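Take a look at the letters that make up each chain.
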Amino acid sequence: MELLKITTQPIEGQKPGTSGLRKKTRTFMGPHYLENFVQAIWTGIGGATGKTLVLGGDGRYFNDRAAQVILRMAAASGAARVIVGQGALLSTPAASHLIRQRKTDGGIILSASHNPGGPDEDFGVKFNTPNGGPAPEDVTNRIFAATETIESYHILESQDVDLATPGEHALGPMTVEVVDPVADYADLMETLFDFNAIRGLLNSGFRVTFDAMHAITGPYATEILQNRLGAAPGSVMNATPLPDFGGGHPDPNPIWAKPLVDLVMGDDAPDFAAASDGDGDRNMILGRGIYVTPSDSLAVLAANAHLAPGYAKGLTGVARSMPTSRALDRVAEAKRLTCYETPTGWKFFGNLLDAGHITLCGEESAGTGSDHVREKDGLWAVLLWLNILAARGESVADILTDHWNTYGRNYYSRHDYDGVDADRAAGMMDALRAKLGDLPGQSFGSRKIAGADEFAYDDPVDGSRAEGQGLRITFDDGARIIYRLSGTGTVGATLRVYLEAVETDPAKLHGDAQEALADVIRAADEIAGIKTHTGRDAPDVMT
Ligand code: VG1
Ligand code: CO
């Protein structure tokens, strides 16, 4: 086994975005691309020497090859041990759990999450810190800085490590420990939820369908829902992870998981249905005849979490990303909990969770989680819903209706414009930023703008400041419009427009979101000139 020092030079554009570095798979497969970034991770964390790391990914195309490269580079840089999920697989929440459980120095997750996979699609690499959470900005800034000055990297010349069976292997002086990717995570879930109650529910004729979308949650959902909780065989659909996710977008929303939505809206609908994304950290919740928006789901979970044993003592506080609807704030107010507002991306919840300021948090993009790990967690949200359904004995639709009657409804939708020319998108944001000061007081239909600003976040735990986190417009009746450019895309720019309106009239709680938001949607275009700037007539995706 020879230790190689390979000469390289900086490659442009290796700046991690909202969640790690995401690029076209072919870019990652290009000469030195992955290696440069991995060596920069070692530099960014103060070297790999003596460290114990976790490694796994969502199984997308190139996951297996990238894992072997990273193992050889870890060994060459003196890491003591790498704990790898069997087959180089780990869901993002399971990786977060393993990093914490084994008290490691962090881990590398190979995933581009909900982005499609394959040689012509997307790949990604993310570093998580010893608390199990995505690296905060000071760490990603150091990693990025290292990519800009790199001159060489170290790698061991060796055969592939056998990752197919659990056990230990030596790779030079380093130990590679291959572990069952599912067992520890499933055990953790048993400590949080009343599995007996959920088992009872599922035995009583209550039917569930879980769509793993040919992605990583297949084996997790099969073990937990079918094997441990007794859901009928076949309750988990698309359960085998595929390198290209069966050609689909593993994004659990009504567009990309349409077959599941059609199922719950049809005659033979199950009582409860859910889906997760490529790396298992997102969730979509459905009941018979009903889609629960992620923002509403977060609020319902916050209002009912005490019904699950792991949260029986109540919550210490809650948090949501800024564009997430303020349905959560209403629950927090009623329960006298502090509700923190953070920038988009799970890394901003880490400090609040570590400090014990919050127990539960979430994002409008179908991410919900708690202090059990430091990532959002798709199956966790599904199990918390099932626990609540078992405890309350009501349907999803009834629980949601009751919630709206109690707290009011925050009608909500996100409109995405994908693959917009990056300069045009930036031009729209610049023009809007320039006129923010003039907006307060202006009227749009029956609403008047109460405030307009660019969101910046001061972390209450470590005092760090994150600027430029979205343009935010608030109306006098509580409605909001937020404009943001995505930090996870790989082609051009994705413009996200987040729309929200508050309704407390009991007669108007069951309308269609797009209709209820029609005035806000019109105002969003009038204020920012979306159509003029992007050249688009309509969004590509509405969630
Ligand atoms: C998107 C979502 C954000 C989420 C991020 C990572 O980011 O909006 O809420 O945290 O994806 O999720 P952006 O910058 O594209 O809006 V995942 O499941 O892709 O790791
Ligand atoms: Co994800």
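In the block above lies the structure referred to throughout.
Quick caveat: nothing in here was measured; it's all calculated off a predicted structure. (Residues numbered from 1 in each chain as written. Chains lettered and ligands numbered in written order. Predicted model: local features only at pLDDT ≥ 70, side-chain atom pairs only at ≥ 80, totals over all residues. Heavy atoms only, no water.)

Draft legend 1. Quick look at the layout of surface pockets. Its boundaries defined by the atoms lining it, the largest pocket holds a volume of some 820 Å³. Forming the walls of the largest pocket are 37 residues, and the residues nearest its centre are Gly17, Thr18, Leu485, Ser486 and Gly487. Broken down by secondary-structure element, the contributors of at least two residues to the lining of the largest pocket are strand 2 (21-24), helix 5 (137-147), helix 15 (422-435), strand 25 (480-485) and strand 26 (493-503). Among the residues making up the lining of the largest pocket, the classes are represented as 9 nonpolar, 17 polar and 11 charged. (1 Å grid on protein atoms, 1.4 Å probe; cavity = no way out; pocket = protein on both sides within 12 Å on 5 of 7 lines; lining within 4 Å. Points joined across faces, edges and corners; volume = space filled by probe spheres on them. Helix = DSSP H or I, 4+ residues; strand = E, 2+ residues; numbered from the N terminus. Nonpolar A, V, L, I, M, F, W, Y, C, P; charged D, E, K, R; others polar.)

Draft legend 2. Inspection of the pattern of salt bridges at higher detail. On inspection of all chains with the given rule, the structure shows 40 salt bridges. With a closest N to O distance of 3.2 Å, arginine 472 and glutamate 341 form a salt bridge. Here glutamate 341 lies in strand 16 (residues 339-342) and arginine 472 lies in strand 24 (residues 471-475), a separation of 131 residues in the sequence. With relative accessibility at 23%, the residue glutamate 341 sits in the partly exposed group. Taken together, the shared-partner salt bridges connect Arg320, Asp329, Glu341, Asp453, Arg472, Arg480 and Glu500 into one network. (Salt bridge = Lys/Arg side-chain N within 4 Å of Asp/Glu carboxyl O. Buried < 20%, exposed > 50% of the residue type's maximum accessible area, 1.4 Å probe, protein only.)

Draft legend 3. Structural view of helix 14 (residues 396-407). Its 12 residues give helix 14 an end-to-end C-alpha distance of 16 Å, which sits within 8% of 16 Å, the value for a rise of 1.5 Å per residue. Residues of helix 14 that are buried include every one of Val396, Ile399, Leu400, His403, Trp404 and Tyr407, and no others. Projection of helix 14 onto a plane perpendicular to its axis shows the buried side chains occupying an angular sector of 135 degrees, all on one side. Glycine 408, located one to two residues past helix 14, shows a positive phi value of around 85 degrees. (Expected span 1.5 Å × (residues − 1). Arc of directions from axis to C-beta.)

Draft legend 4. Geometry of the nonpolar core. Judged by nonpolar contacts, the single largest core of 71 residues is most densely connected at Met189, Phe193, Phe272, Trp380, Trp385 and Leu386. It is helix 13 (residues 378-392) that contributes the most residues to this core, 10 residues altogether. When residues no more than four places from it in sequence are discounted, the contact partners of leucine 386 are Ile198, Leu201, Phe206, Val208, Leu225 and Phe272. (Core = buried A, V, L, I, M, F, W, Y, C linked by side-chain atoms within 4.5 Å. Contact = heavy atoms within 4.5 Å.)

Nothing here speaks to function; it is all geometry.
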